[in-house]
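Residues per chain are reported as follows:
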Amino acid sequence: PVGEEAGMRNYRHIEVRPIAGALGAEIHGVDMSRDLDAEVVAEMRHAFLEHLVIFLRDQTATPLQQLAFAKKFGEPIEYPMLKGLPEAPMVTPVVKLEHERNNFGGIWHSDTTYLAEPPMGSMLLAREVPPYGGDTMFANQYLAYEALSDGLKATLDGLVGVSSSAKADVSRTREDRLKAAGEEIKVMTAEHPIVRTHPETGRKALYTSDAHTAHIKGWTEKESLPLLRFLWEHQTRPEFTCRFRWRPGSLAFWDLADRALRHEIQ
């Protein structure tokens, strides 16, 4: 609704600067190392729902302050595949080691769809970045769904995707880390509708990705792939995306419930 969307843009405590037409906005006037007022958190939540991924710049928060900031928006959980920091187990370091040639998350994906209850969102805070490259792209899955024909929307209605944590292209880097640490690699699977309705906005979005969707429930992998491959290519069309360039102290917070797909650039 036009009126509601216009109302969401009337921010009093923060400044919101969209970075692309499809999704994404930088939030200014927020220091995540401080205890934020409820009004600031509420406006950030509005911006999060409106823009699907929001960014902060020049942040100096410690891991414990980052965790306290995350708790303003929901109950944090531990990442199931890698260990978190000793002082903050729910904060997981994402580091590309010198000998590694595959970046972490270098394929279009939504985090942890192999869990029965994936988290509402994810946050990533940059400490060190390369002099160039290493950008992250996000894709709006509301727009991807809405651009489909009525016939394909009817076909997708009721279809369920089976997600796995073991698809090789996305899991290679973390599997290497687990093997090096001598830890067991656990394969997790979960089922989710190919089309999800966001619990807060009520909008429908595609909920599948090349990284984790193994096949459609009740279909063989061979039967599933033609339709899934079409969706994976469609849902990352340039007009659905934004691109974010990192600097030290940059934070990204993206919505997993509406499917802000994410892709790390090598």
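Everything numeric here is computed off the predicted structure, so don't read it as measured data. (Residues numbered from 1 in each chain as written. Predicted model: local features only at pLDDT ≥ 70, side-chain atom pairs only at ≥ 80, totals over all residues. Heavy atoms only, no water.)

### Regarding the sheet that holds strand β7 (residues 189–193)
Step number 1: Overall, antiparallel pairing links the three strands, which are arranged β7-β6-β10 in an open sheet. Both outer strands of the open sheet, β7 and β10 (213–216), are each paired with one neighbouring strand and no more. Taken pair by pair, the neighbouring strands of this sheet meet at an average axis angle of 30°, ignoring direction.
Step number 2: One ladder, built from three bridges, connects strand β6 (residues 160–164) with β10; its direction is antiparallel. Considered in β10, the bridge of serine 163 is made with threonine 213. (Pairing = 2+ DSSP bridges. Helix = DSSP H or I, 4+ residues; strand = E, 2+ residues; numbered from the N terminus. Axes fitted to C-alpha atoms, helices over the stretch in contact; angles between N-to-C directions.)

### Description of unusual backbone geometry
Step number 1: Although it is not a glycine, leucine 52 sits at a positive phi angle of roughly 75°.
Step number 2: With respect to the element layout, leucine 52 can be found in the loop between α2 (38–51) and β3 (53–56).
Step number 3: Although it is not a glycine, aspartate 58 sits at a positive phi angle of roughly 55°.
Step number 4: Considering the arrangement of structural elements, one finds aspartate 58 in the loop between β3 and α3 (63–70).
Step number 5: On the accessibility criterion, aspartate 58 (56% relative accessible area) is exposed. (Buried < 20%, exposed > 50% of the residue type's maximum accessible area, 1.4 Å probe, protein only.)

### Here's the deal with the pattern of salt bridges
Step number 1: As enumerated under the stated definition, the model contains eleven salt bridges in all.
Step number 2: The shortest N-O distance in the salt bridge between aspartate 31 and arginine 34 comes to 3.4 Å.
Step number 3: Residue arginine 34 is classed as exposed on the basis of its relative accessible area, which comes to 62%.
Step number 4: Note that arginine 247 is salt-bridged to aspartate 58, the shortest N-O span being 4.0 Å. Placement of arginine 247 in the loop between β11 (241–244) and β12 (251–255) and of aspartate 58 in the loop between β3 and α3 is noted, with a sequence separation of 189 residues between them.
Step number 5: What makes arginine 247 partly exposed here is its relative accessible area of 39%.
Step number 6: Because the salt bridges share partners, they merge into one network encompassing Asp135, Arg243 and Arg245. (Salt bridge = Lys/Arg side-chain N within 4 Å of Asp/Glu carboxyl O.)

### Some remarks on the sheet that holds strand β4 (residues 121–125)
Step number 1: Spatially, five strands are ordered β1-β2-β3-β12-β4 in an open sheet, and the strand pairing comes out mixed. Of all strands in the sheet, those bounded by a partner on one side alone are β1 (15–18) and β4. Within the sheet, the average angular offset between the axes of one strand and its neighbour, ignoring direction, is 20°.
Step number 2: As paired strands, β4 and β12 are joined by five bridges and run antiparallel to one another. Considered in β12, the bridge of methionine 123 is made with phenylalanine 253.
Step number 3: Taken strand by strand, α2 contacts β1, β2 (25–28), β3 and β12, and its axis lies near 130° from that of β3.
Step number 4: Against the sheet, α3 touches β3, β4 and β12, its axis set at about 155° to β4. (Contact = heavy atoms within 4.5 Å.)

### What to know about the environment of valine 91
Step number 1: Along the chain, valine 91 falls in the loop between α3 and β4.
Step number 2: Placed 33 residues apart in sequence, valine 91 and leucine 124 show a C-alpha to C-alpha distance of 9.3 Å.
Step number 3: Look past the residues within four positions of valine 91 in its chain and what remains in contact with it is Pro63, Gln66, Leu67, Gly84 and Leu85.

### Here we look at empty space enclosed by the protein
Step number 1: Following the criterion strictly, the structure yields one cavity of 30 Å³ or more and no others.
Step number 2: Each pocket or cavity is described by its volume, and for the largest cavity that value is around 40 Å³.
Step number 3: When residues of the lining of the largest cavity are traced back to their parent elements, those giving at least two are β6 and β7.
Step number 4: Considered class by class, the residues forming the lining of the largest cavity number two nonpolar, seven polar and one charged. (1 Å grid on protein atoms, 1.4 Å probe; cavity = no way out; pocket = protein on both sides within 12 Å on 5 of 7 lines; lining within 4 Å. Points joined across faces, edges and corners; volume = space filled by probe spheres on them. Nonpolar A, V, L, I, M, F, W, Y, C, P; charged D, E, K, R; others polar.)

### Notes on the environment of leucine 115
Step number 1: With respect to the secondary-structure elements, leucine 115 resides in the loop between α3 and β4.
Step number 2: Counting along the chain gives 73 residues from leucine 115 to methionine 188, while the straight-line C-alpha distance between them is 7.0 Å.
Step number 3: Excluding anything up to four places from it in sequence, leucine 115 contacts Ile77, Pro80, Met188, Ala190 and His192.

### A short note on the packing of aromatic side chains
Step number 1: For the structure on display, the rule yields seven aromatic pairs.
Step number 2: Here the aromatic residues Phe55, Phe138, Phe244, Trp246 and Trp254 are joined through ring pairs into a cluster of three or more.
Step number 3: Its end group placed over the ring of tyrosine 145, lysine 153 keeps NZ or CZ at 5.1 Å from the ring centre.
Step number 4: Of note, arginine 196 hangs over the ring of tyrosine 207, and the distance from its end group to the ring centre comes to 4.5 Å. (Phe/Tyr/Trp six-rings, centres within 6.5 Å; stacked < 30°, edge-to-face > 60°. Lys NZ or Arg CZ within 6 Å of the ring centre and 35° of its normal.)

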